Amino acid sequence: MQALIECEGHTAVAESIRVVLARLRQEIADSQFDEKSLDLALGGLSAAVERQLRQSLGYSLLPLVNATGVILHTNLGRAPLAAAALDRVRATAGAYSNLEFDLSTGERGKRDVHVDRLFQKLLASDRAGDRVEAGLGPASAERSSAISTIVVNNNAAAVLLALNSLAEGGEVIVSRGELVEIGGSFRIPDVMSKSNATLREVGTTNRTRVADYENAISERTRLLLRVHRSNFEITGFTEQPGLPELVELARRRSVPLMEDLGSGALFDLRSVGVNDEPGVLDSLRAGVDIVTYSGDKLLGGPQAGLISGRADLVARLRSNSLFRALRVDKLTYAALEATLLAYVKRDHDAVPVLRMMRLSKEQIERRATKIVAEVESAKLKHLKLEILEGESVIGGGAAPSAVLPTRLIAITH
Ligand SMILES: *Cc1c(COP(=O)(O)O)cnc(C)c1O
């Protein structure tokens, strides 16, 4: 053990020895002492201690290859970051920064400004070209100038903060068809009760009409909430009011309308053949007052919860003491700023998840052919590789039924 101790220190080596011996004793006590344990006891102890030591001093969180066909996989860490985002994290996280310091006035500043300015550009609904593309008329200056965005730890936190700030002590009206559960125990009714708002369910599982919302509005109503069905679909005999109808009702009865979009695309998915996934801009243009979405789903950035909408409502969220508890650090701002800049510059291929969604079947096939050739040149006789037609999905709570054409490599071992 002496060499190991010189290298890694007495404490770490002693701890590994204890772990290995305890395991061996346990095997004996459980009568699982087999030939392998005997080898270990007779001669393999130092090697086992070294293995244990390497493992305990090594990394547990490791990069891996995602061969699932799901672009945004929560279990595999959702969106890989853009190269520029990694550069910005490295540049700002290892040094001091102007995170909360206003360089123009020389006074204390707010951390929100670094990304709010970019969201302003991306979400301003008066970009003439986009409005023509989307077949919309000119935007009202009043709405487009008054959109602001804040950032919290994740979208679950965004929903909690919004409900608590806008509806504490009052009622929030939600369709029974939208009382969703997202992975990791995010459930709308539970978040609602944690926010101290009362859930007022309307409609039925499969059919909810705008009149159901209207009939439920009372002096206790604080908010109408629409939740995106991120990970399931209801098909058959169904009905759900369109956003314009809900917006009209919200305006007429002076109740704010909030939408939990989940995936939150800032990129028009229609360009990759996905037609039924609403974007953040679509919702804001339709007149939704507050939109919540994740930073690491379709946006392709770091884990974050984004809240965009009417500046006066966002200001109420910002002044809630919960906002301080849910705020994000400089690493997140650095990565988010770089990701948003790629959108502002319309450099969509710089964002890995967008690049992957935009790859054509032919581009993927070329990559598959190259991999197959490389494996075959290694002459691994027990492996047989074959390229097949296939489909992948976006994942991450986006377009649960949309598929992207791809090529698969089937490996027979
Ligand atoms: C993913 C999702 C959430 C949770 O977002 P996190 O960023 O994972 O906290 C909440 N609501 C909807 C509709 C979602 O799709």
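Note that the structure is a prediction, hence the values are computed from the model and not measured. (Residues numbered from 1 in each chain as written. Predicted model: local features only at pLDDT ≥ 70, side-chain atom pairs only at ≥ 80, totals over all residues. Heavy atoms only, no water.)

Asker: Could you give an account of the packing of helix H2 (residues 10-29) against helix H3 (residues 35-57), naming the residues involved and the relevant values?
Answerer: The geometry of H2 relative to H3 is characterised by a closest axis approach of 9 Å and an angle of 135° between their N-to-C directions. Regarding the angle of H2 to H3, the classification is oblique. Both H2 and H3 take part in a crossing whose hand is right-handed. Counting all contacts with H2, which are made through Ala12, Val13, Ser16, Ile17, Val19, Val20, Leu21, Arg23, Leu24 and Glu27, the residues of H3 involved are Ser37, Leu40, Ala41, Leu45, Ala48, Val49, Gln52, Leu53 and Ser56. Here the contact of H2 with H3 is built from residues that sort into 13 nonpolar, 4 polar and 2 charged. (Axes fitted to C-alpha atoms, helices over the stretch in contact; angles between N-to-C directions. Helix = DSSP H or I, 4+ residues; strand = E, 2+ residues; numbered from the N terminus. Parallel < 35°, antiparallel > 145°, perpendicular 65-115°, else oblique. Left-handed = near helix turned anticlockwise from the far one by under 90°. Contact = heavy atoms within 4.5 Å. Nonpolar A, V, L, I, M, F, W, Y, C, P; charged D, E, K, R; others polar.)

Asker: Can you explain the nonpolar core? Please cite residues and give values.
Answerer: In this structure, Leu123, Leu266, Tyr293 and Leu340 are the most contacted members of the largest nonpolar core, which totals 56 residues. Once residues lying within four places of it in the same chain are set aside, the contact partners of Leu340 are Val115, Leu118, Phe119, Leu122, Leu266 and Leu299. Counting 30 residues, the second largest nonpolar core, distinct from the first, contains Val159, Leu161, Ile182 and Phe186. (Core = buried A, V, L, I, M, F, W, Y, C linked by side-chain atoms within 4.5 Å. Buried < 20%, exposed > 50% of the residue type's maximum accessible area, 1.4 Å probe, protein only.)

Asker: Before we move on, could you go through the pattern of salt bridges and cite the residues and values that matter?
Answerer: In total, this model carries 27 salt bridges according to the counting rule given. Note that Arg318 and Asp112 form a salt bridge whose closest N and O atoms lie 2.3 Å from each other. Of this pair, Arg318 sits in helix H13 (residues 311-318) while Asp112 sits in the loop between strand E3 (107-108) and helix H5 (113-123), and the two are 206 residues apart along the sequence. In this structure Arg318 comes out as partly exposed when scored by relative accessible area, which is 26%. Among the ionic pairs, Arg270 bridges to Asp282, the shortest N-O distance being 3.5 Å. A residue pair is termed long-range when its members are at least 10 positions apart, and Arg270 in the loop between strand E10 (257-262) and helix H12 (280-286) and Asp282 in helix H12 qualify at 12 residues. Arg270 sits in the partly exposed class, given a relative accessible area of 44%. (Salt bridge = Lys/Arg side-chain N within 4 Å of Asp/Glu carboxyl O.)

Asker: An account of the sheet that holds strand E4 (residues 147-152) is requested, with residue identities and associated values reported.
Answerer: Pairing in this open sheet of 7 strands is mixed, and the strands run E4-E12-E11-E10-E9-E5-E8 from one edge to the other. Of all strands in the sheet, those with a lone pairing partner are E4 and strand E8 (198-202), marking the two edges. Neighbour-to-neighbour, the strand axes of the sheet open up by a mean angle of 25°, direction not taken into account. With 5 bridges joining them, strand E5 (residues 171-175) and E8 adopt parallel strand pairing. Across the sheet, residue Val172 finds its bridge partner in E8, namely Leu199. (Pairing = 2+ DSSP bridges.)

Asker: Talk me through the site of the ligand; I want residue IDs and the actual numbers.
Answerer: Near the ligand, the surroundings consist of Arg78, Asn154, Asn155, Ala156, Ile182, Phe186, His228, Ser230, Asp260, Gly262, Ser294 and Lys297. Within the contact set of the ligand, an oxygen atom lies 2.8 Å away from a side-chain nitrogen or oxygen of Arg78. Contact between the ligand and Lys297: an oxygen atom at 2.8 Å from a side-chain N or O atom of the residue. Protein chains bury 94% of the 380 Å² of accessible surface belonging to the ligand in isolation. Among the elements of the structure, helix H8 (155-167) and E10 are those that each provide at least two residues to the shell around the ligand. Of the residues in the shell around the ligand, the class split is 3 nonpolar, 6 polar and 3 charged. (Near = heavy atom within 4 Å. Polar contact = N/O pair within 3.5 Å; in protein donor to acceptor, adjacent residues only side chain to side chain. Areas by Shrake-Rupley, 256 points an atom, 1.4 Å probe, with all protein chains shown as cover.)

Asker: Pulling in residues and values, what's your account of helix H17 (residues 361-377)?
Answerer: Note: α-helices contain 3.6 residues per turn, so residues at a spacing of three or four share the same orientation. When the terminal C-alpha atoms of H17 are compared, their 24 Å separation across 17 residues agrees well with the 24 Å that a helix rising 1.5 Å per residue should span. Looking at the buried side of H17, the elements it contacts are strand E13 (384-395) and strand E14 (404-412). Lys379 lies just past H17 and shows a positive phi near 50°. (Expected span 1.5 Å × (residues − 1).)

Asker: Could you give an account of the environment of Ala83, naming the residues involved and the relevant values?
Answerer: Here Ala83 shows up in helix H4 (residues 83-93). Along the backbone, Ala83 and Tyr213 are 130 residues apart, and their C-alpha atoms lie at a distance of 45 Å.

Asker: Just give me the short version of the pairing of E10, but keep the residues and values in it.
Answerer: Counted residue by residue, E10 has 6 buried out of 6 residues, so it is predominantly covered. Neither face of E10 is exposed, since Leu257, Glu259 and Leu261 on one face and Met258, Asp260 and Gly262 on the opposite face are all buried. Relative to E10, strand E9 (residues 221-227) runs parallel, the two sharing 4 bridges. From the neighbouring strand, Arg226 faces E10, where its bridge partner is Glu259. As a crossover connection, the stretch from E9 through helix H11 (residues 243-253) into E10 is right-handed. (Right-handed = clockwise from strand over helix to strand, strands pointing away.)

Asker: Quick rundown of unusual backbone geometry? Include the residues and the values.
Answerer: The backbone of Asn196 sits at a positive phi, close to 70°, despite the residue not being glycine. Here Asn196 lies in the loop between helix H9 (188-194) and E8. The backbone of Ser254 sits at a positive phi, close to 55°, despite the residue not being glycine. Here Ser254 lies in the loop between H11 and E10.

Asker: How would you sum up the sheet that holds E14? Please name residues and give values.
Answerer: Spatial strand order, E1-E13-E14: 3 strands in an open sheet with mixed pairing. A strand with exactly one partner marks an edge of an open sheet, and here the two such strands are strand E1 (70-72) and E14. Across the sheet, the axes of successive neighbouring strands diverge by a mean angle of 40°, strand direction being ignored. For E1 and E13, the ladder comprises 2 bridges, and the chain directions are parallel. Paired with Leu72 across the bridge in E13 is Gly395.

Asker: Requested: an account of the environment of Asn320, with residues and values cited.
Answerer: The topology assignment puts Asn320 in the loop between H13 and helix H14 (321-326). C-alpha separation for the pair Asn320 and Asp276, spaced 44 residues apart in sequence, amounts to 34 Å. Not counting the four nearest positions on each side in its chain, Asn320 is found in contact with Leu161, Asn164 and Ser165. A polar side-chain atom of Asn320 sits 3.0 Å from a polar atom in the side chain of Ser165.

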